[in-house]
Amino acid sequence: MSASTKLSTAVKALCFLAEKFPEPQNSTEISKKIGVNASKIRQIMSMLCKHEITGSTKGTQGGFILRRDFTSLTLLEIYDALEDRKIMEFDVSEAAGENIEDNKKYNSYFNHFFWNIQKQIEERMKDITLESIKDDAEKINNIG
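This write-up is about the structure you can find in this document. (Residues numbered from 1 in each chain as written. Predicted model: local features only at pLDDT ≥ 70, side-chain atom pairs only at ≥ 80, totals over all residues. Heavy atoms only, no water.)

**Thoughts on the layout of surface pockets**
To find the voids left in a structure, one rolls a probe of water-molecule size over its atoms. Estimated volume of the largest pocket: approximately 210 Å³. Around the largest pocket sit K12, C15, F16, E19, K33, I34, K134, A137, E138 and N141, which together line it. Looking at the lining of the largest pocket, the elements with two or more residues in it are α1 (3-20), α2 (27-34) and α6 (130-143). The residue inventory of the lining of the largest pocket, partitioned by class, reads 4 nonpolar, 1 polar and 5 charged. (1 Å grid on protein atoms, 1.4 Å probe; cavity = no way out; pocket = protein on both sides within 12 Å on 5 of 7 lines; lining within 4 Å. Points joined across faces, edges and corners; volume = space filled by probe spheres on them. Helix = DSSP H or I, 4+ residues; strand = E, 2+ residues; numbered from the N terminus. Nonpolar A, V, L, I, M, F, W, Y, C, P; charged D, E, K, R; others polar.)

See the structure below:
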């Protein structure tokens, strides 16, 4: 599952948990609501549980619950809980040939270029809360 798919799935699941709070929701219920396989939901919820964004309860009425206030939970916090690597993988490997020094200069340029983009994305994600995503998604739906 790609980083963007995993992140959007987690956000949809967390918004559903926020709607149903404080009632726990099992992976099947979440799956039906957001249209993602229940086993994928369990994987994502497990990662979110490790970072104490969600919690789980056992038993016949068990399931996942939101442990964090969705009004202050940021997209960056969710992303950090899901990903062990950055959005952009830097692969500007050095090519063999006569101009090795030139290649190093260009590789260095692109590493710096992509690093700056990564930083901009992360800075933007700090300002986006789960609540704002939920509100903006509803506004966009109401326009169409």
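**Examining the pattern of salt bridges**
Where charged atoms of side chains with opposite charge meet at close range, the side chains can pair. Inspection of the entire model under this criterion finds 6 salt bridges. For the salt bridge of K6 with E83, the shortest nitrogen-to-oxygen distance reads 3.4 Å. Remark: E83 occurs in the loop between α4 (75-82) and α5 (100-126) and K6 occurs in helix α1; sequence separation between them is 77 residues. Residue E83 is classed as buried on the basis of its relative accessible area of 14%. With a closest N to O distance of 3.8 Å, E19 and K134 form a salt bridge. Taken as a pair, E19 in helix α1 and K134 in helix α6 lie far apart in primary sequence, 115 residues in all. Take K134: its relative accessible area is 16%, and that puts it in the buried class. One continuous salt-bridge network, built from bridges that share partners, spans E19, K134 and E138. (Salt bridge = Lys/Arg side-chain N within 4 Å of Asp/Glu carboxyl O. Buried < 20%, exposed > 50% of the residue type's maximum accessible area, 1.4 Å probe, protein only.)

**Re the nonpolar core**
Counting 29 residues, the largest nonpolar core has L7, L14, I30, M45, L48 and I78 as the members making the most contacts within it. Looking at this core, the elements with two or more residues in it are α1, α2, α3 (38-50), β2 (63-66) and α4. Among the elements that take part in this core, α1 stands out by supplying 9 residues, more than any other. Not counting residues within four places of it along the chain, the set of residues in contact with L14 comprises L48, I53, T54, L66, L73, I78 and L130. (Core = buried A, V, L, I, M, F, W, Y, C linked by side-chain atoms within 4.5 Å. Contact = heavy atoms within 4.5 Å.)

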